[in-house]
Amino acid sequence: QRLVVCLEESIYIHNIKDMKLLKTIMDTPPNTTGLCALSINHANSYLAYPGSATSGEIALYDGNTLKTACTIPAHDGPLAALTFNSTGSKLASASEKGTVIRVFSIPGGQKLYEFRRGMKRYVNISSLVFSMDSQFLCASSNTETVHIFKLEHLTDSRPEEPPTWSGYMGKMFQAATNYLPAQVSGMMSQDRAFATVRLNISGQRNICALSTIQKLPRLLVTTSDGHLYIYNLDPQDGGECVLIKNHSLLGSGKMEENKENDLQPPVPQSYAATVARQSTVPSTSTMPGYSEDGGALRGEVIPEHEFATGPVCLDDENEFPPVSI
C-alpha cells in the first residue's frame, strides 16, 4: 500500500497505486546507511527508522494514518538493522555492536524477546529476517556464523525436571540472578541461538531468508561472492543446520564491461528535485477506486484491486527454488 524512499535526512512516503506523494518527513537524524523498515502487511503498514544518530532509538510511523505511532528506546548504541515480521505485529532490531537482538511489539513498542548473538566481539549485522510464521528470527553478520532464534516463552507450568546435578545448578544459577546487578542478570537471562550455521567464509556480506520448501523449514543464505546455500532447519531440536544444496549464481559467463564509446545515460536529478516537480498523474477524481488514505482512516473496506497480489512463497512440492536456466 505504501512505497517509502529514505534519504540521508528525509523520508518520502508514496501511495503504491499511483505513486502520489502522501507525506514528507523532514529533518530526520543523519541516516548515512539508509536504514529503515516497512511492514508488508496492509492493515499494519508501519515504518521504522532511526530516531537518533547517537543512540538506538527507533521512530515508529503509521503509514496508513500518516502519524507518528511511538518511539522505542531499543539500544544504547546506534542502530544497524531493523525488520518487521510478516503481519507487522513485531519489530526486531540490532545495534552497531551486534551482540544483542531485541524484538518489540507493534504498535505498543513493548520488549517481547531479547537474544544474545555473541559476547566476544562486535560484528556488523548484514541481514535480519523473520520466518513467515514469525516463529524464527535469523541474524547474519560479517562473521562465519549465522544465528537462528526461536520466538517462544517458557511457561512456569513445565513438568518437574528430574533431580540431576545440571538441573540443580540451573535452578541455583537462575536464583542467583535476583541478587546480581541489573546489567549482569539481564545478560544471564538473554536467550541464546536455537540453531546455527557455520559458513566456510568470513568477512563477506550475506543475506538470509527463512522459507518453507517441500513442507520443511529451510534457511537460504546468499553471499556476495555469488553463492546460494540451502540448509535444513530442525524446528524441534535446532542445533547445527545441515547443508543441503550449494548453487553458484554467477555461472560460467561474465558480465561484459561497458565500452568507452557507449552512449552515456543522462545524469539523473536528485530524488528531492524529482518529487518537487509538477506531477503528471491524473487527479484523484479521474481515477476510479482511488482513496488517498487507502480507506484506513474512516474504517472503509479497501477494495482488492487496490493492492498487488500476495507475496511470493518458495513453497514448491517438487523442487527447490529455480536457480538455474
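Higher on the page you've got the structure.
Residues numbered from 1 in each chain as written. Predicted model: local features only at pLDDT ≥ 70, side-chain atom pairs only at ≥ 80, totals over all residues. Heavy atoms only, no water.

Peer 1: Could you give an account of the overall build of the chain, with specific residues and numbers?
Peer 2: In terms of regular secondary structure, the chain is built from three helices and 20 strands. Across the 325 residues of the chain, 40% fall into the buried class. Within the chain, contacts between residues at least 6 apart in sequence are counted, and of these 45% link residues at least 24 apart. Total accessible area on the chain stands at roughly 19,600 Å², and carbon and sulfur atoms take up 53% of it. (Helix = DSSP H or I, 4+ residues; strand = E, 2+ residues; numbered from the N terminus. Buried < 20%, exposed > 50% of the residue type's maximum accessible area, 1.4 Å probe, protein only. Contact = heavy atoms within 4.5 Å. Areas by Shrake-Rupley, 256 points an atom, 1.4 Å probe, with all protein chains shown as cover.)

Peer 1: Outline the sheet that holds strand β14 (residues 145–150), supporting the account with residue identities and numerical values.
Peer 2: Strand order in this open sheet of five strands is β12-β13-β14-β15-β19, and the pairing throughout is mixed. Where the open sheet ends on each side, the last strands, each with one partner, are β12 (125–130) and β19 (239–240). Where β12 lies against strand β13 (residues 136–141), five bridges are found, and the strand directions are antiparallel. If you follow leucine 128 over to β13, its bridge partner there is alanine 139. (Pairing = 2+ DSSP bridges.)

Peer 1: Outline the packing of aromatic side chains, supporting the account with residue identities and numerical values.
Peer 2: On inspection of all chains with the given rule, the structure shows four aromatic pairs. Consider the rings of phenylalanine 115 and phenylalanine 149, whose centres lie 4.7 Å apart with planes at 25 degrees: the pair is stacked. With a gap of 34 residues between them, phenylalanine 115 in strand β11 (residues 111–116) and phenylalanine 149 in strand β14 connect regions that are remote in the sequence. Of the two residues, phenylalanine 115 and phenylalanine 149, both sit in the buried class. Among the aromatic residues, those joined into a ring-pair cluster are Tyr113, Phe115 and Phe149. (Phe/Tyr/Trp six-rings, centres within 6.5 Å; stacked < 30°, edge-to-face > 60°.)

Peer 1: Let's hear about the environment of alanine 92: which residues, and what values?
Peer 2: Relative to the helices and strands, alanine 92 is located in strand β9 (residues 90–95). With a relative accessible area of 0%, alanine 92 lands in the buried category. As a C-alpha pair, alanine 92 and leucine 137 span 45 residues in sequence and 8.4 Å in three-dimensional space.

Peer 1: I'd love a proper account of the state of the cysteines, names of residues and values included.
Peer 2: A covalent bond bridging the sulfur atoms of two cysteines is what the word disulfide describes. Enumeration according to the criterion identifies zero disulfides in this entry. Cysteine 6 provides the cysteine sulfur closest to cysteine 36, a residue in no disulfide bond, and the two sulfurs are 4.3 Å apart. Note on cysteine 36: relative accessible area 28%, which makes it partly exposed. (Disulfide = S-S within 2.5 Å.)

Peer 1: Account for the sheet that holds strand β5 (residues 46–50), naming residues and giving values.
Peer 2: As summarised here, the arrangement of the four strands in space is β4-β5-β6-β7, forming an open sheet in which the pairing is antiparallel. The sheet terminates laterally at β4 (37–38) and β7 (67–75), the two strands that pair on one side only. Bridging between β5 and strand β6 (residues 56–62) involves five bridges; their strand directions are antiparallel. Considered in β6, the bridge of proline 50 is made with isoleucine 58.

Peer 1: Lay out the pairing of β14 in plain terms, naming residues and giving numbers.
Peer 2: One face of the sheet, then the other: side chains in a regular strand alternate in exactly this way. Buried residues dominate β14, accounting for six of its six residues. Neither face of β14 is left uncovered, since the one carrying Thr145, His147 and Phe149 and the one carrying Val146, Ile148 and Lys150 both have all their residues buried. Of the pairings in the sheet, the one linking β13 to β14 comprises four bridges and is antiparallel in character. What sits directly across from leucine 137, in β14, is phenylalanine 149. What sits between β13 and β14 in their antiparallel hairpin is a turn of three residues. In terms of strand pairing, β14 meets strand β15 (residues 195–198) through four bridges, oriented antiparallel. Looking at β15, one finds that isoleucine 148 is bridged to alanine 195.

Peer 1: Tell me about a nonpolar patch on the surface, and please be specific about residues and values.
Peer 2: On the surface, Leu3, Ile16 and Met19 cluster together into a nonpolar patch covering about 220 Å² of accessible area. The residue leucine 3 is located in strand β1 (residues 2–6) in this model. (Patch = residues over 30% accessible without salt bridge, like charges linked within 9 Å, V, L, I, M, F, W, Y side chains within 5 Å. Salt bridge = Lys/Arg side-chain N within 4 Å of Asp/Glu carboxyl O.)

Peer 1: How would you explain the side chain of serine 105 if you had to name every residue and give the values?
Peer 2: Mapped onto the elements, serine 105 comes out in strand β10 (residues 100–105). We classify serine 105 as buried; its relative accessible area is 14%. Separated by 2.6 Å, the side chains of serine 105 and glutamine 110 make a polar contact. Apart from the residues lying within four places of it in its own chain, the contact partners of serine 105 are Ser89, Gln110 and Leu112. (Polar contact = N/O pair within 3.5 Å; in protein donor to acceptor, adjacent residues only side chain to side chain.)

Peer 1: Tell me about the pattern of salt bridges, residues and numbers included.
Peer 2: As enumerated under the stated definition, the model contains two salt bridges in all. The residue arginine 102 makes a salt bridge to glutamate 114 at a minimum N-O spacing of 2.5 Å. In this pair, arginine 102 is assigned in strand β10 and glutamate 114 in strand β11, connecting sequence segments 12 residues apart. Pair check on accessibility: arginine 102 and glutamate 114 agree, each one buried. Salt-bridge contacts for glutamate 114 lead to lysine 111; the nearest nitrogen and oxygen are separated by 3.3 Å.

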